[in-house]
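Survey of secondary and tertiary structure
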Amino acid sequence: MDQSNQQKVGQISGAEIIMRCLHEEKVKFVFGYPGGAVLHIYDALFKQKDFKHILVRHEQAAVHAADAFSRATGEVGVALVTSGPGATNAVTGIATAYMDSIPMVVISGQVPTAAIGMDAFQEVDMVGVTRPCVKHNFLIKDVRDIAMTMKKAFYIAASGRPGPVVVDIPKDITAEFAEYNYPKSVEMRSYTPVIKGHSGQIKKAVKILLDAKRPMIYSGGGLVLGDASNELVKLARTLGYPVTNTLMGLGGYPATDKQNLGMLGMHGTYEANNAMQECDVLLAVGARFDDRVIGNPEHFLSVPRTIIHIDVDPSSISKRVKVDVPIVGHVQSVLSEMNELLASESKKPDASALKSWWARIDDWRTKKSLSYDDSSTSIIKPQYVIEKLWEVTKGDAYVTSDVGQHQMWAAQYYKFDKPRRWINSGGLGTMGVGLPYAMGCQLADPKAQVACVTGEGSIQMNIQELSTCKQFHLPIKVILLNNRYLGMVRQWQEFFYENRYSESYMDSLPDFVKLAESYGHVGMDIEKPADVEGALKEAFAMKDRFVFMNFLTDQKENVFPMIPNGKGLSEMILGSDPNKDDAANEIEG
Amino acid sequence: MKHIISLLMENEAGALSRVAGLFSARGYNIESLTVAPTEDATLSRMTIVTSGSDDVIEQIIKQLNKLVDVVKVLDLNDGRHIERELMLVKVKATGALRDEMKRISDIFRGRIIDVADGSYTIELTGSGSKLDAFLEALDKTVILETVRTGASGIGRGDRILKV
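Residues numbered from 1 in each chain as written. Chains lettered and ligands numbered in written order. Predicted model: local features only at pLDDT ≥ 70, side-chain atom pairs only at ≥ 80, totals over all residues. Heavy atoms only, no water.

Quick notes on the packing of aromatic side chains
All names here are of chain A. One pass over the structure, following the stated rule, counts 19 aromatic pairs over all chains. Residues F29 and F31 carry aromatic rings whose centres are separated by 6.2 Å and whose planes lie at 35° to one another, so their mutual orientation is tilted. The ring of F300 has R305 sitting right over it, with the charged end atom 3.8 Å from the ring centre. (Phe/Tyr/Trp six-rings, centres within 6.5 Å; stacked < 30°, edge-to-face > 60°. Lys NZ or Arg CZ within 6 Å of the ring centre and 35° of its normal.)

Written out as structure tokens, the structure is:
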């Protein structure tokens, strides 16, 4: 180690090596916050021009913003935090990305090697803390290992089922010197992700699909992450089969396409959930049958159907629901192969069976499960705000959301026609992601319209980022659906806890307009339905300004349809049901 | 059902904690876990004895394979295999017990590896159930201390787990 302390010809510091690695990986933005253990790294960062550093106001936001940058672009997001509290603040962001399989590299500083384990100032065992919520993590103990470790980190993050990778680097290592050689490629005997699916299984799947009487295609976040939208559209149009997207999969298949039945799941449409339950052949693409999607697995499995499941991660297959035809592979590769087989296939889908299947679906559609009472001229319905947002932005905005009722309304009423436009925390359900997610999207696509749909609870969980938005002139539009309640908590308390609204009322809210203005942003209060559209147009016309729109919305509005926890897909409560509140009350949460 | 899972993993710091952490995070049982380097110093071999339904075991194997440090995983119960475990038992050996302990040890093909005034230490290898049977054959009051290594397993014949 003493040799490394003296710089020799051809050697550069560990901190400089990190900069070079980021350059090699064509990183455009690093989201971060400096501190003691990363001072050498920040000094090297000061001297480089390859990427831009985005200084956030809290490390959690750095990770969320890097995560959103990745969701919007498909590139690996990068965050940089210091040791101890900087590292632990990043953990929520890392877990959020892990649950949604987002490729990220998070570099955390660590106390000097000799201090590790001594309960040093700002020391935390970052590799231990993050182990359950990363795809992999590394603690670098030798300056000569930095380049190879960084290469592996980017490779692991982006390949296979993507995910966040933490690289923990002690301070002394960043000051030592070594020669720099960035490996061109990396091979790991213990890590060899599958790309191509088993061709026999793919043939079998195509045959089953063509024999289907009541087919259904169900696609999730994996389709978006695998950039396989075009392949799915081609497949679905060739076959003429109905498609539903999960919350994470929205935009994977165009929402305005007539074959799209809308989102499925706990707050999915009547037609999507019923078709999912009643189908005889189900093609699942990059989706994982989770509890918010199929509800009670026993209820789901009470109807016989043949399930084909394409996923890059073998452990996602037959985890909650046993499948008949598992296909492990990259969704894009597998769907392309299926399309090729279909093109050369003389057999066509059973037209008459398909016709009667679509007739049933159209019958379900007549329920208009997303209808809501919009007759009031004095109270703004949150659904109406989202519908107008979709119109005003011509369906082309990046929409980020936080977590709760507003998230479900955004998912239900904004019709996403493109993948990577709907940015939300589906798996972990992290309140506070909305604003930093919007930052990541706006930086990824500076000219694009970016809307952060949020609630007054969630927005306050990372409200400090208003300052970051000011510093970097991010013209985000915050769409705050302000109902003065933690709406989803209130909804469950109304349904399952006899209206005991325990701690779900948001008292002492700030004046959001003044708050926004204090950061130099534009603030708007919107209180009447008649003003919604005009205000949205006005806000989005301000292309270079951050606008904080505080919509005072109906305090009592609930999200429908709803499948109560533990119930099955066909056991929905609809908003049009006159006894909906009683129906919900009868069901044990 | 009880399963013996063998795996090869990179001999890296923290690799063991990833496996142990996986089992606790996902609520899988571990009856025993043994690990040591192999003849190839870059690889460690681990034997995990666990139990669960076929679905659970399938998930365990998949989740183990998903760990970046894990090179290969084999469920030994998928074929014929041998399981061995080492146990050291310190027993009371006073008066009449001195002969009796020797006799029981011999029946189980144990070896007395330490002799003291009031005690013997018996070394015993075999399958887990054989070691259990030995302990059951002893009067509980004579057992002073036991230590077991947990099972190591290997496939029979041509079944080889190697990189």
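Examining the sheet that holds strand β12 (residues 281-285) of chain A
Residue and element names in this part refer to chain A. Sheet architecture is open: six strands sit in the order β11-β10-β9-β12-β13-β14, paired in parallel fashion. The sheet is open, and its two borders are formed by β11 (260-263) and β14 (325-328), each paired with just one other strand. Direction aside, the axes of adjacent strands within the sheet are offset by 15° on average. Relative to β11, strand β10 (residues 243-245) is paired through two bridges, and the arrangement is parallel. Counted as the bridge partner of V243 is N260 from β11. Contacting β12, β13 (306-311) and β14, helix α15 (residues 331-343) crosses the sheet at an angle of about 130° to β13. (Pairing = 2+ DSSP bridges. Helix = DSSP H or I, 4+ residues; strand = E, 2+ residues; numbered from the N terminus. Axes fitted to C-alpha atoms, helices over the stretch in contact; angles between N-to-C directions. Contact = heavy atoms within 4.5 Å.)

Considering the pairing of strand β17 (residues 450-454) of chain A
Side-chain positions along a regular strand alternate between the two faces of the sheet. Residues and elements named next belong to chain A. Burial runs high along β17: five of the five residues are buried. What you see with β17 is no split at all: V450, C452 and T454 on one side and A451 and V453 on the other are buried throughout. As judged from the four bridges shared by strand β15 (residues 398-401) and β17, these two strands associate in the parallel manner. Looking at the pairing, T400 lines up with C452 of β17. Alignment of β17 against strand β18 (residues 477-482), held across four bridges, turns out to be parallel. Across the sheet, residue C452 finds its bridge partner in β18, namely V478. Considered for its hand, the β-α-β crossover made up of β17, helix α20 (residues 466-471) and β18 is right-handed. (Buried < 20%, exposed > 50% of the residue type's maximum accessible area, 1.4 Å probe, protein only. Right-handed = clockwise from strand over helix to strand, strands pointing away.)

By themselves, these are just geometric observations and shouldn't be taken as functional.
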